[in-house]
Amino acid sequence: MFSDEELISIPKKPNVSVIFNINYIYKLTMANVSGKTGIDIKWIRENLNTKIIGNTILNYDSVDSTNAIARKMAEGEKEEGTVVLAKMQKRGKGRLDRKWFSPKGGLWFSIILRPNIDIQEATKLTLMTSVAVTKTLINLYNLDAKIKWPNDILVKGKKVCGILSEGKTQGNKINFFILGIGVNANFTREEFPVKIRDFATTLKEELGKTSSLEELLLSLLNEIDKYYLILSSDNTNKILNTWKKMSDTLGKNVKITTQKDSLEGLALDVDDMGALIVKSKDNTIKKFLAGDCLHVSESLG
Ligand code: BT5
């Protein structure tokens, strides 16, 4: 019996010797069958237009957390671009070990990256992912999607997607980085735990119909790859400018809470590291590379 990994790790452009390998043909046939998420991985691979992301796609039924699996694989030297996908997560993770509600019908996946950047630049990866996700939601569904710093994608002020960025460092450099992305897709708001029901939404709620997870995943992988290449080629400004246009946070009165302190003030800008610049009432200016952001009021201009 082949493991999930073997079934779907098909070389994108097989060479002749691979084509005549009987195992490969078997894998190809099996992969043709819809994957465990109901997503046809073979179709995804055939239509992917990426350089790095999606070289391997691991498709699971039910897992604790795709980030946890991807992390373990990255420790084991699994290559950059590997995608770990699951139909549902039993212990989906948010930041600071918060719970991420991940029922069947959502799109839950993680990507292993090995970026050649310093630790201080890690926030840029979250920002570029937010841009890629937002762009996808706008292009595919014409939704009025916006970014709440640092890692939420909102539709009409409600969270439709969360991003969990985790990494391991080596000296001042990043050894590996796991981008965990959760999109509330094909389930209704009633299914959310009561505590988050008023703050969260799903694509199904916003569109009034179910959407194709295949099309969504394909588009997300293509966009993330595109922005990752832009970031890797040192063209951060392009990403930051797009981020600013998509931001729901800039110009708003916010309360930023970190593990050390909190500050209320006007969200002025993001710097070229992706840090949020906030000006408090007493005109103190502070930069935050991470933290929780609460939109206290609508635009202050
Ligand atoms: C996040 O954390 O928003 C990161 C979410 C990342 C989820 C993906 S799914 C694939 C991968 N594998 C994982 O295990 N995780 C990643 P944070 O900003 O800390 O937000 C967490 C908070 O959002 C929770 O405390 C709830 O209040 C709320 N929440 C939980 N589940 C939600 C959902 N499905 N939709 C909207 N809000 C939710």
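Nothing here was measured: the structure is a model prediction, and the numbers come from that model.

Participant: Would you mind going over the site of the ligand with me for this structure?
Facilitator: As a structural note, the neighbourhood of the ligand is formed by 27 residues, with Ser65, Gln89, Lys93, Arg98 and Lys159 the closest of them. Out of a free accessible area of 800 Å², the ligand has 90% covered by protein chains. Where the shell around the ligand is concerned, the elements lending two or more residues are α5 (66-75), β3 (107-113), β6 (158-170) and β7 (173-183). The dominant element in the shell around the ligand, judged by the number of residues it contributes, is β6, at four residues. Tallied by class, the residues present in the shell around the ligand amount to nine nonpolar, twelve polar and six charged.

Participant: What's the story with helix α6 (residues 122-141) in this structure? I'm lost.
Facilitator: Owing to its 3.6 residues per turn, the α-helix aligns residues three or four sequence positions apart on the same side. Here α6 is 20 residues long and its end C-alpha atoms lie 29 Å apart, about the 28 Å a rise of 1.5 Å per residue gives. When you tally the buried positions in α6, you get 16 out of 20 residues, the bulk of the element. Phi turns positive, to about 60 degrees, at Asn142, one or two residues after α6.

Participant: What exactly am I supposed to notice about the nonpolar core here?
Facilitator: It is characteristic of soluble globular proteins that their nonpolar side chains tend to be buried jointly. Counting 63 residues, the largest nonpolar core has Leu107, Phe109, Ile111, Met128 and Leu221 as the members making the most contacts within it. Among the elements that line this core, the one with the most residues is helix α9 (residues 213-232), at eleven residues. Those residues in contact with Leu221 that lie beyond four places of it in its chain are Ile44, Leu48, Thr50, Ile53, Ile57, Val83, Phe109 and Ile111. One finds Leu58, Ala86, Ile112 and Ile178 within the second-largest nonpolar core, a separate group that totals eleven residues.

About the criteria used
Residues numbered from 1 in each chain as written. Predicted model: local features only at pLDDT ≥ 70, side-chain atom pairs only at ≥ 80, totals over all residues. Heavy atoms only, no water. Near = heavy atom within 4 Å. Areas by Shrake-Rupley, 256 points an atom, 1.4 Å probe, with all protein chains shown as cover. Helix = DSSP H or I, 4+ residues; strand = E, 2+ residues; numbered from the N terminus. Nonpolar A, V, L, I, M, F, W, Y, C, P; charged D, E, K, R; others polar. Expected span 1.5 Å × (residues − 1). Buried < 20%, exposed > 50% of the residue type's maximum accessible area, 1.4 Å probe, protein only. Core = buried A, V, L, I, M, F, W, Y, C linked by side-chain atoms within 4.5 Å. Contact = heavy atoms within 4.5 Å.

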